[in-house]
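Results of the structural survey
Here is what each chain is made of, one letter per residue.
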Amino acid sequence: MKKPKVAAGRTEYLTPQEAEDWLDALSPQMKRIVIFYLGTGCRATEGLSLIWKDITLGERRAVFWDTKAGYARGADLGKRVRSQFPKRTDKPDEYVFLNSRGEPWHAYDAINNTLTKVRARREKQIANGADLPRLAPAHCHLFRHTWATWAYACTRDLTYLMSQGGWKSVAMVMRYCHVATDDLASAVLDAGWEFGGRELPRVPKYARKSNASRK
């Protein structure tokens, strides 16, 4: 039997402004995990299963041991991620991200359900006359799509995306390259997101010194 062909779907992602609108609407606990997703591109369960001994001192890097690809990988943590990180405990086996009750998230569905409720509440507020921005539809995996799109726009580095995101093939990563334009890169960097654990210089892509200026 031949496997039926499935039409390639549209790869959705959040713009930096849409992401900011979401972060402004979230509780501190939700904001921390969403910033972590947007800043690392990790899968939902990878973030929720992190324990403190998987985070290097100084919160510079996270290591995901149990991954879908079957091998461990690390992710650099930029300033924006570190600024919202929970306070480190003296218990290395304790989960990093906890819910509002101080308990581990039992599954990523709890995150998705909370996002749905927050968006529904925002729509009700707008219907009642509140001057607030609408929230784009969002779920955990959308944050991974968003990170990949932003990361490629800023780095143009497929190897970086594969190593940080845990993809085994270039074909998977190429899904995120089509809308990764220079103007998107500028908006992402202006919003304070980093890739490669450092701030990247914003040099115009086609800037060239004239022959006269070299003399």
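Residues numbered from 1 in each chain as written. Predicted model: local features only at pLDDT ≥ 70, side-chain atom pairs only at ≥ 80, totals over all residues. Heavy atoms only, no water.

1. Here we look at the packing of helix 2 (residues 28–40) against helix 6 (residues 140–155)
Put simply, the rule is: To define axes, lines are fitted to C-alpha atoms, for helices over the stretch in contact only, and angles between the resulting N-to-C directions are given on a 0 to 180 degree scale. In DSSP terms, a helix is any run of H or I states spanning at least four residues, a strand is any run of E spanning at least two, and both are numbered starting from the N terminus. Angle categories: roughly parallel below 35 degrees, roughly antiparallel above 145, roughly perpendicular from 65 to 115, and oblique for all the rest. Contact criterion: two residues are considered in contact whenever any of their non-hydrogen atoms come within 4.5 Å of each other. Each residue is assigned to one of three groups, with Ala, Val, Leu, Ile, Met, Phe, Trp, Tyr, Cys and Pro labelled nonpolar, Asp, Glu, Lys and Arg labelled charged, and all others, Gly among them, labelled polar.
Two elements in contact, helix 2 and helix 6, have axes separated by 7 Å at closest approach and are oriented at 40 degrees. Between helix 2 and helix 6, the angle is such that the two are oblique. Only Cys 140, Phe 143, Thr 146, Trp 147 and Trp 150 of helix 6 make contact with helix 2, whose side of the interface consists of Val 34, Tyr 37, Leu 38, Gly 39 and Thr 40. In terms of residue class, the contact of helix 2 with helix 6 is made up of seven nonpolar, three polar and no charged.

2. Focus on helix 6
Put simply, the rule is: For a helix, the expected span equals 1.5 Å multiplied by the number of residues minus one. Accessibility here uses a 1.4 Å probe with only protein chains present; expressed as a share of the type maximum, an area under 20% marks a residue as buried, one over 50% as exposed, and anything in between as partly exposed.
Helix length check: helix 6, at 16 residues, gives a terminal C-alpha distance of 23 Å against a target of 22 Å (1.5 Å per residue), a fit within 8%. Of all 16 residues in helix 6, 14 are buried, a share of seventy percent or more. Positioned one or two residues after helix 6, Arg 156 has a phi angle of 55 degrees, which is positive.

3. So, the nonpolar core
Under the convention used in this document: Residues belong to a common nonpolar core when they are buried Ala, Val, Leu, Ile, Met, Phe, Trp, Tyr or Cys residues joined through side-chain atoms within 4.5 Å.
By size, the foremost hydrophobic cluster in this structure holds 59 residues, and its most contacted members are Phe 36, Phe 85 and Phe 195. Elements represented by at least two residues in this core include exactly helix 1 (16–25), helix 2, helix 3 (44–48), strand 1 (61–64), helix 5 (108–127), helix 6, helix 7 (158–165) and helix 9 (182–190). The element contributing the most residues to this core is helix 6, with ten residues.

4. Thoughts on the pattern of salt bridges
What counts here: The rule for a salt bridge is simple: a side-chain nitrogen of Lys or Arg has to be within 4 Å of a carboxyl oxygen of Asp or Glu.
Following the criterion strictly, the structure yields nine salt bridges and no others. The shortest N-O distance in the salt bridge between Arg 134 and Glu 123 comes to 3.1 Å. Pair noted here: Arg 134 is in the loop between helix 5 and helix 6 and Glu 123 is in helix 5, with a separation of eleven residues, a long-range link. Residue Arg 134 is classed as exposed on the basis of its relative accessible area, which comes to 55%. Accessibility expressed as a relative area gives 27% for Glu 123, which makes it partly exposed. One salt-bridge network, in which partners are shared between bridges, spans Arg 43, Glu 46 and Arg 73.

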